[in-house]
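Residue strings, one per chain:
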Amino acid sequence: MREKIVFVGGGNMASAIIDGLLEQGRELADFLVIEPYAPTRDALLARGLTCRESVGADIGDAALCVLATKPQVLQEACGQIHQHLPATATVVSIAAGVELASLSAWLGGHARIVRAMPNTPAKVGLGMTGLFATPACSAAEREQVDALFAAVGERIWTQSEAMIDAVTAVTGSGPGYVFHFMAALEKGALELGFTKDDARRLAVSAFRGAAGLAASEDVPLTELQERVTSKGGTTYAALSHMRDAGVADAITQAVHKAEQRARELSAG
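Residues numbered from 1 in each chain as written. Predicted model: local features only at pLDDT ≥ 70, side-chain atom pairs only at ≥ 80, totals over all residues. Heavy atoms only, no water.

Structural notes on the side chain of S93
Step number 1: Tracing the backbone through its elements, the reader meets S93 in strand 5 (residues 90-93).
Step number 2: The exposure class of S93 is buried, given its relative accessible area of 1%.
Step number 3: Separated by 3.3 Å, the side chain of S93 and the backbone nitrogen of A95 make a polar contact. (Helix = DSSP H or I, 4+ residues; strand = E, 2+ residues; numbered from the N terminus. Buried < 20%, exposed > 50% of the residue type's maximum accessible area, 1.4 Å probe, protein only. Polar contact = N/O pair within 3.5 Å; in protein donor to acceptor, adjacent residues only side chain to side chain.)

So, in C-alpha cells, the structure goes:
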C-alpha cells in the first residue's frame, strides 16, 4: 500500500514538493491537501488533487503530514490536526521559527516531528532543505522525509535544532542575497549599454554558469576564483575593488544577522 501524504496548506512550497514527487512517479491519489483559501483550493482541485477546506477524519491514515501553513496560523491548524492524526504519522513542519517543543505541544504531545527549512529554488527542483528530527523518528521515517525533499533538490540533516536557524541564514535566505548581487550585476550591464533583456540574461547566465561549475568540481571556491583571475586583468580589477569596499565581509556579516534574527523568531 502506498503511503498517504497530507499537506496542511497548499501554497507555493507544498505545490513544488507535490510537483517534484509527481515527476518521480507518485500519483495524484497519494496526496490530500487541506487548503482553506478558496482560489488556491480550486486551482489544486483543477489539477486533480484531493483537496479539503478543513481538517477531517480522512487524515487518519496519513504516513506523512506536512505543515505548510503560515507560522501565524500554525497553532490553530495543529489544534485541528491532532484530533485525527495517527500516532504513527511523521509530521514535517516547514514553518520558519516554530520550534519542535511548540509543535509537539500544539499536536497534543505528538513525538514524531521533523523541522524542515527548504528554500525557494525548490520550485525548479534546485532547492536545498535543512532537516532536523526528534529522537522519536526512526531511521526509516527520516528516510521517508528525506525522499520527500529529494524531489525538490538537495538535503542536509543538522545535528541540532539550533542549526536550522543557521540553515535559514545561509540557504533559506541565500537566494535573496544572490538576487541582490544579480540585480547589481544587471544594473552594471545596463549602464554599459545593454538592453534590459540582455542585461538580465547576462546576469542570470553568470550565476547559473558559476554555480554549475562549482557544483561539478570538488575544489575550494577560492581556488575557482583564482582560476578566473589573472593579475592585472579585468576580474582582478573588479575583485580588488570589492575587497577594498568590504563586499565579502558584508556578505558574511549579513549571514550572521540573518541567523540572529532566525534565533529571535524561534524564541518568540
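Re the sheet that holds strand 4 (residues 64-67)
Step number 1: Pairing in this open sheet of eight strands is mixed, and the strands run 3-2-1-4-5-6-7-8 from one edge to the other. What marks the edges here is a single partner per strand, and that holds for strand 3 (50-52) and strand 8 (153-157). Within this sheet the neighbouring strands show an average axis-to-axis angle of 25 degrees, counted without direction.
Step number 2: Pairing geometry for strand 5 and strand 6 (residues 113-117), over three bridges, is parallel. Counterpart to S93 in the pairing with strand 6 is R115. (Pairing = 2+ DSSP bridges. Axes fitted to C-alpha atoms, helices over the stretch in contact; angles between N-to-C directions.)

Some remarks on a nonpolar patch on the surface
Step number 1: Taken together, the side chains of F181, L185 and I251 make up a nonpolar region of the molecular surface, amounting to roughly 230 Å² of accessible area.
Step number 2: Residue position: F181 is located in helix 7 (residues 174-191). (Patch = residues over 30% accessible without salt bridge, like charges linked within 9 Å, V, L, I, M, F, W, Y side chains within 5 Å. Areas by Shrake-Rupley, 256 points an atom, 1.4 Å probe, with all protein chains shown as cover. Salt bridge = Lys/Arg side-chain N within 4 Å of Asp/Glu carboxyl O.)

A few points about the nonpolar core
Within soluble globular proteins, side chains that are nonpolar tend to cluster in buried spots.
Step number 1: Counting 28 residues, the largest nonpolar core has I5, F7, I17, V92, L148 and F149 as the members making the most contacts within it.
Step number 2: Residue assignment for this core shows that the elements contributing at least two residues are strand 1 (5-8), helix 1 (12-23), strand 2 (31-34), strand 4, strand 6, strand 7 (127-133) and helix 5 (139-150).
Step number 3: For this core, the leading source of residues is helix 1, giving five residues.
Step number 4: Within the second largest apolar cluster, 26 residues are counted, among which are V8, C65, L67 and V98. (Core = buried A, V, L, I, M, F, W, Y, C linked by side-chain atoms within 4.5 Å.)

Points about the pairing of strand 8
Step number 1: Looking at chain direction, strand 7 and strand 8 are connected through five bridges and run parallel. Within strand 8, the position partnered with G130 by the bridge is I156.
Step number 2: You can see the chain leave strand 7, run along helix 5 and come back into strand 8, and the turn it takes is right-handed. (Right-handed = clockwise from strand over helix to strand, strands pointing away.)

Overview of the pairing of strand 1
Step number 1: Every second residue of strand 1 is oriented toward a common face, with I5 and F7 on one face and V6 and V8 on the other, all of them buried.
Step number 2: As paired strands, strand 1 and strand 2 are joined by four bridges and run parallel to one another. Its bridge partner lying in strand 2, F7 is registered against V33.
Step number 3: Each parallel crossover has a hand, and the one from strand 1 via helix 1 to strand 2 is right-handed.
Step number 4: Where strand 1 and strand 4 come together, four bridges link them in parallel fashion. Paired with V8 across the strands is L67, a residue of strand 4.

Details of the environment of V91
Step number 1: Note on placement: V91 falls in strand 5.
Step number 2: Among the residues examined, V91 registers a relative accessible area of 0% and is labelled buried.
Step number 3: Along the sequence, V91 and L107 sit 16 residues apart, while their C-alpha atoms lie 9.5 Å from each other.
Step number 4: Excluding anything up to four places from it in sequence, V91 contacts C65, L67, L85, L107, H110, R112, I113 and V114. (Contact = heavy atoms within 4.5 Å.)

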